[in-house]
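Architecture at a glance
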Amino acid sequence: MTTDTADTVTRFGSGRAVKRIEDEGLLKGLGQYTDDLAPAGHLRAVFVRSPYPHARIVSIDTGNAASLPGVVRIATGADLEQAGVKPIPTNPAFRRADGSPAATAPRRALAHERVRYVGEPVAIVVAETLQQARDAAEAVWVEYEELPHVVTLDAATAPGAPTLADAPDNFAAEMRAGDAKQCDAAFAQAAHVVKLKVVNQRVAALSIEPRSVLAWVAEDGRLTLRMSSQMPSGVRNSLANDILGIGRDQVRVTVGDVGGGFGMKTGIYPEDAAAAWAAWTLKKPVKWIADRSEEFLSSFHGRDQQAHAELALDASGKILGLRLRTLANVGAYATATGMTIPMVVGPWVQTSVYHVPAIDFHIRCVLTNTASTAAYRGAGRPEAIFIMERLMDEAARQAGIDRIELRRRNFVRPEQMPYRNPMGQTYDVGEFGKIMDEGLDLADWSGFEARATQSKAHGKLRGLGISTFLEWTSGNVFEERVTVDVKADGVIEVFSAVNQMGQGIATTLAQLVVDVFGVPIDKVRVVLGDTDRGDGFGSAGSRSLFTGGSALSLGSKKTLDTARELAARSLEASPADLDYAAGRFSVKGTDVGIGLFDLARQQPGGHIFTDHTSAVSGPSWPNGCHVSEVEIDPQTGTVQVVRYSSVNDIGRVVNPMIVRGQLDGGAVQGIGQALMEHMVYDADSGQPVSGSLMDYAAPRADVIACEFVTEMNETVPCTTNPLGVKGVGELGTIGAAPSVVNAVADALARAGKKDAARQLQMPLTPPKVWALLNS
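Description of the structure in this document. (Residues numbered from 1 in each chain as written. Predicted model: local features only at pLDDT ≥ 70, side-chain atom pairs only at ≥ 80, totals over all residues. Heavy atoms only, no water.)

1. Quick notes on the overall build of the protein
When helices and strands are tallied, the protein shows 22 helices and 28 strands. Taken over C-alpha atoms, the radius of gyration comes to 27 Å for the protein, in line with the 28 Å a tight globule of 775 residues would show. Here the C-alpha coordinates of the protein stretch approximately 85 × 70 × 50 Å along the principal axes. When burial is assessed residue by residue, the protein has 60% of its 775 residues classed as buried. Within the protein, contacts between residues separated by at least 24 positions form 80% of all contacts whose residues are at least 6 apart in sequence. Put simply, the protein shows about 28300 Å² of open surface, and 50% of that area lies on carbon and sulfur atoms. (Helix = DSSP H or I, 4+ residues; strand = E, 2+ residues; numbered from the N terminus. Rg over C-alpha atoms; globule rule 2.2 N^0.38 Å. Buried < 20%, exposed > 50% of the residue type's maximum accessible area, 1.4 Å probe, protein only. Contact = heavy atoms within 4.5 Å. Areas by Shrake-Rupley, 256 points an atom, 1.4 Å probe, with all protein chains shown as cover.)

And the structure:
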């Protein structure tokens, strides 16, 4: 590598905190979100939604509404059914206890005959302006016959509960894992058995940009969508193949800037399908932009699981077995993702960084009259890790063993790697004890007592919490396709099917291109979000760099190898006799050479193009140690996070600034769930009672009264991908909630309230904490 190349890579390549290339346009107001597109003559869509959690649709009268000014079309579920629009598919692989397919009602673009949650779309109104569409939607008259409803897990699983699907009960599907007899034997010989009820409450994703779609029929006659989506290929496939039945080649989905996703934008929604159908049949552009209220009502929610967990340990504190009985609220319609999260992804990481010889898991998905649950940052891993870390701290208290020593005794050791956990998942590498030790040092764990004394002097209770954990990343989709195009105009244009949604992936991908070609980062153009350019799984499961970045790095190297062969022919030299540096090939020992972009100009079409597909060999297993300290005001029960530090093993780091942003932002979301967030439905009426930002408590700056101290450990690179990277997008969220809740439990235990520590359930609102302190 020459000095010029080294300087370029040093400034812009991997390992450098390069400023995000996405940000300049956004800061100048040049972002292109879906709502920024306004084609001439486009129409606006508004949905009529159910005010009831469960009801039969008796009739829908659209006559008055259709006569209002500007109204172009009004369609109901019956209209779409007659037009041949099919339901959104679910996963037939999941089964009920009797072996029958998973039970769920058809999830349609518009409800037909029956509504199953408040906010379910019943009709679409398309008009010339947004206000005209809103006025007409209010004029649509729907007659309902109310039906009994259930919104909680306890109500939905009670004998004789009203059912939502064609099944005798509300269990959509279930899974069992492990060896029940082996686990029973482990518990029989245990010196200590810890039992906890653990609730992971329902939360909302709260992306800044709501769901949005603009659909039109392009000049080539194809249905084209611009969306705020993490998975455009998946949306196209569902819409073309399953819902409209018009064939994949007739649908194109594009994605521009996305104002946050957090897993909530990983599939097609009923509103997307209805708007697309309207544009396809009207042959006019149709736009739908959700408002915040609609996001609370009908976007996918996260979490909502209730577990009864038991941990068996011997007298020395070694884990013998883990027993789990979990109910997962999947809402009114059991989606494929909604069932995969509790029955597959969560169990894969349930034993976490610990060696657990025996397991017995029984997990059931439950239908309720609420919005469906699906992916939300972490998607199954936060729920599983929260259970495990709460059990570990409670076990330490009950057994009288230091919680750090208890963890150390049970860690999977480096010499056990590759390690196969009880769910058959293989950890390629991991040095969990080392990461914990670094985390304790960073947090000044040994200095806590002095800080607790200071807090006491100010009338506050102080608690110290820890979580040591891992997660699984990749979405179990290991293959990714990229294109690399060296153009004569001096730009290297790369395409990937991963997507940007505020996480800075375009910058990170560009840095990988700089690593290979040694050109300034402004010579790299990253193109994302267009199903015509290429297919791929998209961005979810913290896989964008892990799979997409690996494919791009290999594709870039392949392109450079091709360019070397072309340069050798141009310079009449052997490829082995060429040096390459800073965008130029030269014959060794001479001043004869050719620039990369000049070489591209000589080629047919004026470019050097590579279409490359590659796969990583398995998932990555990032892990970390997160330590938090809280202060509790015993007069009010208010909890403040006053110290937060973490050490994170994420393998090789491409952009430290972006990685810290991901870790810290994720931690704030985890703290939000721990202390305040809760999507609440009223049991009597079935109405959401936290359906606006006036009622839903999102985390604020004053809740976290400290600067995060965030460090990355790069000494244990992943072995399943060529970059050595591990996923990072969800790690902070997974570690934060158990760390903070364990800190509150520690504060209560230190105040003589050990029983209260065991009873803690998120969110730890001031009334809850005050009541426990005064019980």
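2. A closer look at helix H15 (residues 448-457)
An α-helical turn contains 3.6 residues, so any two residues separated by three or four positions project in the same direction. Where H15 is concerned, the buried positions are Phe448, Arg451, Ala452 and Ser455. The arc enclosing the buried residues of H15, seen along the axis, measures out at 105°, which places them on a common side. Away from its buried face by more than 90 degrees, H15 exposes Thr453, Gln454, Lys456 and Ala457. Where the residues of H15 are buried, they touch helix H14 (432-443), strand S18 (461-470), strand S26 (623-632), strand S27 (639-649) and helix H20 (731-750). (Arc of directions from axis to C-beta.)

3. Regarding the environment of Arg481
Tracing the chain through its elements places Arg481 in strand S19 (residues 479-487). Once residues lying within four places of it in the same chain are set aside, the contact partners of Arg481 are Phe495, Ser496, Ala497, Arg533, Gly534, Asp535, Asp611, His612 and Thr613. Within polar-contact distance, the side chain of Arg481 engages the backbone oxygen of Arg533 at 3.0 Å. Side chain to side chain, Arg481 and Asp611 meet in a polar contact 2.6 Å long. (Polar contact = N/O pair within 3.5 Å; in protein donor to acceptor, adjacent residues only side chain to side chain.)

4. Comments concerning the pairing of strand S15 (residues 358-367)
Most of S15 sits inside the fold, with nine of its 10 residues counted as buried. For strand S7 (residues 171-178) and S15, the ladder comprises seven bridges, and the chain directions are antiparallel. Paired with Gly178 across the bridge in S15 is Asp360. Where strand S14 (residues 319-331) and S15 come together, 10 bridges link them in parallel fashion. Bridge pairing in S15 links Arg325 to His362. Viewed along the sheet, the connection from S14 through helix H11 (residues 336-349) into S15 turns out right-handed. (Pairing = 2+ DSSP bridges. Right-handed = clockwise from strand over helix to strand, strands pointing away.)

5. Describing the packing of aromatic side chains
The geometry of an aromatic ring pair comes down to the distance between the two centres and the angle between the two planes. All told, the structure shown has 12 aromatic pairs when counted by the stated rule. When the ring of Tyr269 is compared with that of Phe300, the centres are 4.6 Å apart and the planes differ by 35°; the resulting orientation is tilted. Here Tyr269, found in the loop between strand S11 (251-255) and helix H9 (270-282), pairs with Phe300, found in the loop between helix H10 (292-298) and strand S13 (301-313); they are 31 residues apart in sequence, far enough to count as distant. Of the residues examined, Tyr269 reaches a relative accessible area of 2% and is grouped as buried. Centre to centre, the rings of Tyr419 and Tyr427 are 5.6 Å apart; their planes meet at 45°, and the pair counts as tilted. Each of the two residues, Tyr419 as well as Tyr427, counts as buried. The cationic tip of Arg211 hangs over the ring face of Tyr269; the distance from NZ or CZ to the ring centre is 4.5 Å. (Phe/Tyr/Trp six-rings, centres within 6.5 Å; stacked < 30°, edge-to-face > 60°. Lys NZ or Arg CZ within 6 Å of the ring centre and 35° of its normal.)

6. Regarding the nonpolar core
Soluble, globular proteins show a tendency: their nonpolar side chains are buried together. If you look at the biggest cluster of nonpolar residues, it comprises 123 residues, and the most contacted ones within it are Leu311, Met339, Ile671 and Leu675. Sort the elements by how many residues they give to this core and H20 lands first, with nine residues. Sequence-distant contacts of Met339, defined by excluding residues within four places in its chain, comprise Thr90, Asn91, Phe94, Ala102, Ala172, Ala173, Ala334, Val344 and Cys365. Ile492, Ile505, Phe517 and Phe585 belong to the second-largest nonpolar core, a separate cluster that totals 43 residues. (Core = buried A, V, L, I, M, F, W, Y, C linked by side-chain atoms within 4.5 Å.)

7. Focus: unusual backbone geometry
Of note, the amide linkage connecting Met417 to Pro418 takes the cis form, showing an omega dihedral of -5°. By secondary structure assignment, the location of Pro418 is in the loop between helix H13 (403-410) and strand S16 (419-420). Cis peptide bonds are those with omega within 30 degrees of zero, and the linkage from Met762 to Pro763 qualifies with -10°. In this structure, Pro763 sits in the loop between helix H21 (754-759) and helix H22 (766-773). Backbone geometry places Phe262, a non-glycine residue, at a positive phi of 60°. Tracing the chain through its elements places Phe262 in the loop between S11 and H9. Not every positive phi belongs to a glycine, and Ala379 is a case in point at roughly 45°. Along the polypeptide, Ala379 turns up in the loop between S15 and helix H12 (381-399). The class of Ala379 is buried, set by a relative accessible area of 11%.

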